[in-house]
Amino acid sequence: MRKLTLILLTASLGACQTVSYDSRVLSSPATSDSTSTNKNAVTTYSIGLYTEEDLDTLKNSRLFREVFGDRDVNEIRTTYTFPSQFITESTSAKTLKPQHKILWKTVSAESVASLTDEVEFAPVDKKEVKSPWDIAHSVLLANTKSFNQENPIFIIAEPDFHHENAFITAWHKSIEGETTNDHVPRTNYDIVQDRKKIWPGGSIPAWHMEDDKTQLFSAQKGIADIVDDMNRVQIAHLDTGYNPFDPLLPAYFQEEHSSDFTGQSGCSITGNGSGQSPGEQPSHGARTLSVLGGSNLNEYEHSSEALIIGGNPYAAIREYRIGKSVIHIRPKEMTEAIWCAIENGVDIISISAGGFPSISQRNVVNDAYDKGVAIFAAAGNHYRLPILNISSPKTVVFPARYSRVMGVAGATHDETSYADSPSFWSQFLLFSWEDHIAPWVLRGNYGPNSIMADNMISAYSPNITTSYAQHQDRISISLQGAGTSNATPQVAAAASLWLQQEYPTMRNDISDQPWRKAEAIYHALSRSAATEFPDYEIEKFGAGVLRAQELMRTSYSDIRSKLAKRPPSSIGFRWIADAITSIPPEQTIDLQLAFKLDMLITEAAQVIYNREGFDRLIDASTNCLNYAENVGDCLDNEVRLETIELLLGMDNISDNLRQHLTTLKENLSV
């Protein structure tokens, strides 16, 4: 009962607000006592500069030498794509165009505080800043007052929030110390975690790769004789690190190209990214890595004695460590890792993590697609409390929600949705936490229909076979892999198998249109997915359930003429963007106003995704807007006003957003 009490207590403390979103940091981060003790406080900001020349200007300035010094070194470059409603004739010194090159610089909260303190604010500006987003806006104000009002150095800024899902934290604490069962010895491996019997399937290791499921075993055989070290597909696995002592580490694992983004090294230092010591329980990253490419193939070559539990044991895989735990994720690390993958010629990215959107993350996702890099990301998980029927938000999270990413949802062994209950009566077995309640609580995210139809596919979970190695001298596996985290690497593996087979055919096409590589992968996966089963519906399964052998039968030549470039990813829903940008027609949107509006839209999206109930309202409007020919059919003044009222009723929005929404409300009420 202690376990159930922990979960119920979490719900009673705020089931409606399930993701920590610390937007009320009192005073500046450099001096606030609450910042030092709040594990979710913002410690860094991402600041966008217009060109590299601007960075040179900044580095030669007194502000940089005295305030920044050498502490803030992480820099990435992305293309900034403005939402279509922002594109207009500009009177700004920097002309507003559909795309701009932006250099993003990671800046510590202390440096940001010093920067804003450097400026002589007007009395109206000299007020206590309560929100990280207000601090981000103050950076731009400080920038225009320090340099040139018509030619600012900093053009956009956003706080790097630390996301923690309270339900996930409580669920993980509830199963601590109860994760391993008695060893089940086999000829060449031990099963140290048996399947969760409340969910169907899983008693046979690697069942999900058989021909009646993902067909990954058969698909692997198709490339075994055509792959070599000169043409091996490159995959970046973004997670919590790898286990260097794992006997099932991918046969062609690239430790020398792996990196740790949780510190300051980022892409500049390779040969790390493990985060695990001998004897520790394997990390989330080590387990999902084994689903992607785990095998002892390097010991047995092509012998039948090899144990293969990974979808593509022939791929060259590197680890980009983006967090110490998937329940504590900052978008900044993910953004830097995606950028690093692009810069280093990676073909495919697998991400078993997600959360809130960010501006820099959206930009780098767009760049990845333009460069032909296919990204696969988990749809996310939600947690439903037994009996009380309370759950965390169920809608697809970012980056899986972006239009240029293929998100991955979950399907069970019996081709039912992982979002649905495996057994109604199991929730009442409160005396059996580990075997019934804990696995019953965790479900896969889904929806809305328009997102699922355009860029989602499903693979299997739970009861997926993963490595569970703690020592190098014996292979240990678990049959309990769960969450959409374990479905995602199955799809990434299948994509890499197809790319290995089809790359020679598409090579000429993608030389001047690299986006066609990513789009061909997405298109082929969607076209080959299984939909002929009783429970199939787009909202739960997307394009269908992965079928790798059917994928391998789909040639690039068959789909070449059908490929169309996807529109750039955006932060969300036209519903919010249109409400936020309802400015008077006579007001010109110049560059500075466009960036400010984008910051406001992003904050609104982050806040609303933080609330259960709001996500379904968002999904309903998103579906309508995506399919309606006339935006007015979905978004009249009444809906806009309702949106604004909902946002104004939330106590954790920034003063900048509150002031803008208040003005919009007054204009719409006239």
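Residues numbered from 1 in each chain as written. Predicted model: local features only at pLDDT ≥ 70, side-chain atom pairs only at ≥ 80, totals over all residues. Heavy atoms only, no water.

The next point concerns the packing of helix α15 (residues 484–510) against helix α16 (residues 515–528). In the contact formed by α15 and α16, the axes pass within 9 Å of each other and the chain directions differ by 130 degrees. Here α15 is positioned oblique relative to α16, judged by the angle of their axes. Crossing hand, α15 versus α16: right-handed. Seen from α15, the contacting residues are Val491, Ala494, Ala495, Trp498, Leu499, Met506, Asp509 and Ile510; seen from α16, they are Arg516, Lys517, Ala520, Ile521, Ala524 and Leu525. A class-by-class count of the residues in the contact of α15 with α16 yields 11 nonpolar, no polar and 3 charged. (Axes fitted to C-alpha atoms, helices over the stretch in contact; angles between N-to-C directions. Helix = DSSP H or I, 4+ residues; strand = E, 2+ residues; numbered from the N terminus. Parallel < 35°, antiparallel > 145°, perpendicular 65-115°, else oblique. Left-handed = near helix turned anticlockwise from the far one by under 90°. Contact = heavy atoms within 4.5 Å. Nonpolar A, V, L, I, M, F, W, Y, C, P; charged D, E, K, R; others polar.)

Let us now look at helix α9 (residues 284–293). The buried count for α9 comes to 9 of 10 residues, which makes it a mostly enclosed element. Turning to α9, its buried residues number three or more, namely His284, Gly285, Ala286, Thr288, Leu289, Ser290, Val291, Leu292 and Gly293. The secondary structure elements touched by the buried residues of α9 are β9 (234–239), β11 (316–321), β18 (464–467) and α15. (Buried < 20%, exposed > 50% of the residue type's maximum accessible area, 1.4 Å probe, protein only.)

Moving on to the pattern of salt bridges. Tallied over the full model, the rule gives 18 salt bridges. Between aspartate 229 and arginine 232 there is a salt bridge, with the nearest N and O atoms lying 2.6 Å from each other. Taking relative accessible area as the criterion, aspartate 229 reaches 61% and is therefore assigned exposed. Residue classification places arginine 232 among the buried positions, given a relative accessible area of 10%. Here glutamate 336 makes a salt bridge to lysine 332, at a shortest N to O gap of 3.6 Å. Of this pair, glutamate 336 and lysine 332 both sit in helix α11 (residues 331–343), 4 residues apart, which is roughly one turn of the helix. Residue classification places glutamate 336 among the buried positions, given a relative accessible area of 7%. (Salt bridge = Lys/Arg side-chain N within 4 Å of Asp/Glu carboxyl O.)

Attention now goes to unusual backbone geometry. Look at the link from phenylalanine 398 to proline 399: it is a cis peptide, with omega at 10 degrees. In this structure, proline 399 sits in the loop between β14 (381–383) and β15 (406–411). In this structure, proline 448 follows glycine 447 across a cis peptide bond, with omega equal to 5 degrees. Secondary-structure assignment places proline 448 in the loop between β16 (442–444) and α14 (449–455). A positive phi is found at glutamine 215, a non-glycine position, where the angle reads about 65 degrees.

This next bit is on the environment of tyrosine 522. You can see tyrosine 522 is positioned in helix α16. On the basis of relative accessibility, which here comes to 0%, the residue tyrosine 522 falls in the buried class. In sequence terms tyrosine 522 and arginine 404 are 118 residues apart; their C-alpha atoms lie 9.3 Å from each other. Setting aside its immediate chain neighbours within four residues, tyrosine 522 contacts Tyr369, Val373, Ala374, Ile375, Phe376, Arg404, Val405, Met406 and Arg566. Polar contacts involving the side chain of tyrosine 522 include one to the main-chain amide nitrogen of isoleucine 375, which spans 2.8 Å. Engagement of the side chain of tyrosine 522 in a polar contact is seen with the backbone oxygen of arginine 404, the distance being 3.0 Å. (Polar contact = N/O pair within 3.5 Å; in protein donor to acceptor, adjacent residues only side chain to side chain.)

The quantities given are spatial measurements derived from coordinates; they are silent on function.
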